[in-house]
Amino acid sequence: MSDTTHDGGLALSAPPSDDDGLSASRLAAKYGLAVSGARPGLVAYIRQLWGRRHFILAFSRAKLTAQYSQAKLGQVWQVVTPLLNALVYFLIFGLILGTRKGMTQDVFIPFLVTGVFVFTFTQNSVMAGVKSISGNLGLVRALHFPRASLPISFSLQQLQQLMFSMIVLLAVAVGFGSYPSLSWLLVVPALALQFVFNSGLALIMARMGSKTPDLAQLMPFIMRTWMYASGVMFSIPVMLADKPQWIADVLQYNPAAVYMDLVRFALIDGYGSENLPDHVWAVAVAWALVLGVVGFVYFWKAEERYGRG
């Protein structure tokens with residue numbers, strides 16, 4: 001078709017198209033186009049994450065190696081730091097405040113060291129999860145990969161760090177009269193469940209921290225409160241014997257206390273089943289499944305928004 005211009009010439013005009021009047025979404029659907037960085041389906045997302053398993057492992061190892069690269073003692077600090085924390089807590093809570101009520105010295109010291117090491121595993125996973133997206137925006141914006149790889153790899157980093165600490169923890173247990181037995185094998189499922197729980201919680205915090213960076217400044221106070229409420233330095237049922245029973249129940253069934261108690265029960269001869277809440281293994285599995293699934297789905301729901309804005 002053609003039209004006459006003001007100077008008498010002819011101007012060609014395009015014929016009407018079938019696409020005229022279609023919205024952007026209908027045009028995309030017509031030609032099979034998809035939004036760049038759109039969130040995949042949940043099953044497809046899990047497949048993508050499994051396909052990046054080697055990246056997750058390599059990234060966690062690299063972060064672990066770089067963590068103390070500037071210190072002269074290097075990786076030794078992975079063990080020394082929680083040991084020094086345990087020493088401080090022993091001086092303050094064990095000697096001065098006398099929180100080892102109901103326990104002999106041979107039980108209390110492994111009890112305390114175990115609590116510090118196991119709680120630190122959760123604490124560091126959560127703290128790293130909060131900054132896993134906001135602290136790695138360059139990587140998130142430069143490469144296409146399932147963003148859940150980051151908080152999961154940070155949780156895996158903390159698990160690897162705990163493995164170094166476990167060598168010292170086992171030595172402390174033996175040094176205070178708790179010798180290797182079949183019960184020590186229970187440490188493996190206990191820490192596996194805790195890792196799933198930690199990863200789910202890290203995924204939740206990663207999504208929240210990606211939009212609220214100030215959350216990283218608030219988390220140390222929250223984690224410190226959680227630590228004091230979880231019986232890291234004392235036996236909950238003994239210290240709260242004169243309080244209403246429901247308070248001790250709430251504190252004992254909180255996940256940090258559950259996983260600490262399971263590892264203590266496995267390693268320490270003098271820490272028997274009477275110190276554990278009822279159905280403790282079922283509770284540990286429930287916490288891991290609920291936080292693992294809810295955390296993963298909650299994080300996946302915002303997949304396309306990470307690194308934008």
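Structural data are supplied above this passage.
The structure reproduced in this document is the subject of the present report. Only a predicted model underlies this, so the values are computations on that prediction, with no experimental measurement involved. (Residues numbered from 1 in each chain as written. Predicted model: local features only at pLDDT ≥ 70, side-chain atom pairs only at ≥ 80, totals over all residues. Heavy atoms only, no water.)

A word on a positive patch on the surface
The criterion, for reference: Candidate patch residues must exceed 30% relative accessible area and have no salt bridge, after which like charges are joined if within 9 Å and Val, Leu, Ile, Met, Phe, Trp or Tyr side chains if within 5 Å. Working definition of accessibility: Shrake-Rupley area with a 1.4 Å probe, residue cover restricted to the visible protein chains. A side-chain nitrogen of Lys or Arg and a carboxyl oxygen of Asp or Glu constitute a salt bridge if their distance falls within 4 Å. This count recognises Lys and Arg as positive and Asp and Glu as negative, with His and chain-terminal groups excluded. Throughout, a charge is located at the NZ atom of Lys, the CZ atom of Arg, the CG atom of Asp or the CD atom of Glu. Under the DSSP-based scheme used, a helix requires at least four consecutive residues in state H or I and a strand at least two consecutive residues in state E, with every element numbered from the N terminus.
Together, R39, K211, K301 and R305 make up a region of like positive charge exposed at the surface. One can find K301 in the segment after α13 (280-300).

Remarks on the packing of aromatic side chains
Rules: Ring geometry is summarised as follows: Phe, Tyr and Trp rings, the Trp one being its six-membered ring, pair when their centres sit within 6.5 Å, and such pairs are stacked at plane angles under 30 degrees, edge-to-face over 60 and tilted between the two. Only protein chains enter the area calculation, which uses a 1.4 Å probe; residues under 20% of their type maximum are buried, those over 50% are exposed, and those in between are partly exposed. Whether a charge sits over a ring depends on NZ of Lys or CZ of Arg being within 6 Å of the ring centre and within 35 degrees of the ring normal.
Applying the stated criterion across every chain yields a total of eleven aromatic pairs. Aromatic side chains Y45 and F296 sit 5.7 Å apart centroid to centroid with 50 degrees between the ring planes, which places their arrangement in the tilted category. Here Y45 is found in helix α2 (residues 42-51), whereas its partner F296 is found in helix α13, with 251 residues between them in sequence. Relative accessible area serves as the criterion here: at 15%, F296 is assigned to the buried category. Ring centres of F108 and F111 lie 6.2 Å apart, and the angle between their planes is 20 degrees; this geometry places the pair in the stacked category. Taken as a pair, F108 and F111 lie in helix α5 (residues 105-130) at a separation of three residues, close to a single helical turn. We note that F108, like F111, is buried. Stacked on the ring of F145, the Lys or Arg R147 has its end atom at 4.8 Å from the ring centre.

Quick word on a nonpolar patch on the surface
A cluster of nonpolar side chains, contributed by L84, L87, V88, L91, I92, L95, I96 and L97, occupies part of the molecular surface with about 740 Å² of accessible area. Here L95 shows up in helix α4 (residues 77-96).

Remarks on the environment of F55
The line we're drawing: Contacts were defined at the residue level, with two residues in contact if any of their heavy atoms lie within 4.5 Å.
By the secondary structure assignment, F55 is in helix α3 (residues 53-67). Take F55: its relative accessible area is 28%, and that puts it in the partly exposed class. For the pair formed by F55 and F145, sequence separation is 90 residues and the distance between their alpha carbons is 9.9 Å. With sequence-adjacent residues up to four places away left out, F55 is seen in contact with L139, F145 and S149.

What to know about the side chain of S230
For the record, the criterion: N or O atoms within 3.5 Å of each other form a polar contact, as long as, within protein, one can give a hydrogen and the other can take it, and as long as residues adjacent in sequence are counted only when both atoms are side-chain atoms.
Here S230 shows up in the loop between α9 (215-228) and α10 (236-239). Of the residues examined, S230 reaches a relative accessible area of 2% and is grouped as buried. There is a polar contact of 2.6 Å between the side chain of S230 and the backbone oxygen of W226. Polar contacts involving the side chain of S230 include one to the side chain of N254, which spans 3.4 Å. Dropping the residues within four chain positions of it, S230 is found in contact with F119, I236, N254, A256, A257 and M260.

Details of the environment of I236
Relative to the assigned elements, I236 resides in helix α10. Taking relative accessible area as the criterion, I236 reaches 5% and is therefore assigned buried. In this structure the C-alpha to C-alpha distance between I236 and A257, which are 21 residues apart in sequence, comes to 9.0 Å.

Quick notes on the packing of helix α8 (residues 187-211) against α9
Helix packing for two helices is described by the angle between their axes and how far apart those axes are. Under the convention used in this document: Fitted lines through C-alpha atoms serve as axes, helices being fitted only where they are in contact, and the angles separating the N-to-C directions of these axes extend from 0 to 180 degrees. Two helices crossing with the near one rotated counterclockwise from the far one by less than a right angle form a left-handed crossing, whereas a clockwise rotation gives a right-handed crossing. Polar here means any residue other than Ala, Val, Leu, Ile, Met, Phe, Trp, Tyr, Cys and Pro, which are nonpolar, and Asp, Glu, Lys and Arg, which are charged; Gly is therefore polar.
Taken N-terminus to C-terminus, the directions of α8 and α9 make an angle of 145 degrees; their axes are 11 Å apart at the nearest point. The chirality of how α8 crosses α9 is right-handed. Within the contact between the two elements, α8 uses F197, L201, M205, M208 and G209 and α9 uses L215, M219 and W226. Each residue belonging to the contact of α8 with α9 can be placed in one class, and the counts come to seven nonpolar, one polar and no charged.

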